[in-house]
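Examining the three-dimensional arrangement
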Amino acid sequence: MKRITLLTMALLNFISPINSEATTPEHEVIATNKDEDIMIFAKKTDGFYEDFQIDYKGIVFHRPSWKNVTNPTYAPQIVYEDINSDNKKELIIILTTGYGTGVLEEVVAVFHQNKDQSLKEVLVDNPLAIVNKNVKSSLNSEKAEIRIGRTITK
């Protein structure tokens, strides 16, 4: 009995995958940053990639609600840059959720790296909310005025 248990354990060690590939066969690689060891996997369904898995330097995390169109022209973009001047690079993933004549709809996800190398998603404000907050205009029969922050244009 002891031999069977040891043999079974040995076989399981050989057949268990130990790599950073997608966890299921339905997932395919849709974007990579080989210099930084970052890969994005997703399932292809009805013209969209869904059920995302991000392999960030060997750590895999899931984003099942993300979507991206399957057109290779609009594949997800991986950017790994310091965008807030804290001397630590952030992981930025840009997804295309729709496109058409004169329209490109994208969603941005930003992740900050913690001390333990895990990632924390950072809230990204809606660009229209930023514009609505910072741009004011007034118009009358004599003049038009646009205020962007503290700058006034007449």
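Residues numbered from 1 in each chain as written. Predicted model: local features only at pLDDT ≥ 70, side-chain atom pairs only at ≥ 80, totals over all residues. Heavy atoms only, no water.

**What to know about the side chain of Asp 55**
- Within the secondary structure layout, Asp 55 lies in strand β3 (residues 48–56).
- No salt bridge is formed by the buried Asp 55, whose closest oppositely charged neighbour, Lys 57, lies at an N-O distance of 10 Å.
- Within the local environment of Asp 55, its side chain forms a polar contact with the backbone nitrogen of Gly 58, the two atoms lying 2.9 Å apart. (Helix = DSSP H or I, 4+ residues; strand = E, 2+ residues; numbered from the N terminus. Buried < 20%, exposed > 50% of the residue type's maximum accessible area, 1.4 Å probe, protein only. Lys, Arg positive; Asp, Glu negative; His and termini not counted. Salt bridge = Lys/Arg side-chain N within 4 Å of Asp/Glu carboxyl O. Polar contact = N/O pair within 3.5 Å; in protein donor to acceptor, adjacent residues only side chain to side chain.)

**Looking at the sheet that holds strand β2 (residues 38–45)**
- The 4 strands lie next to each other as β1-β2-β3-β4, forming an open sheet whose pairing is antiparallel. One side of each edge strand has no neighbouring strand; the edge strands of this open sheet are β1 (27–33) and β4 (59–69). Each neighbouring strand pair of the sheet contributes to a mean axis angle of 25°, computed without reference to strand direction.
- One ladder, built from 6 bridges, connects β1 with β2; its direction is antiparallel. Looking at β2, one finds that His 27 is bridged to Lys 43. (Pairing = 2+ DSSP bridges. Axes fitted to C-alpha atoms, helices over the stretch in contact; angles between N-to-C directions.)

**Let's talk about the sheet that holds strand β11 (residues 151–153)**
- Read across the open sheet, the 3 strands follow the order β9-β10-β11; overall the sheet is antiparallel. Every interior strand has two partners, whereas the edge strands, β9 (135–139) and β11, have only one. Averaged over all neighbouring strand pairs, the angle between strand axes comes to 15°, with direction disregarded.
- Along the sheet, helix α2 (residues 127–134) makes contact with β9 and β10 (144–148), crossing β9 at roughly 50°. (Contact = heavy atoms within 4.5 Å.)

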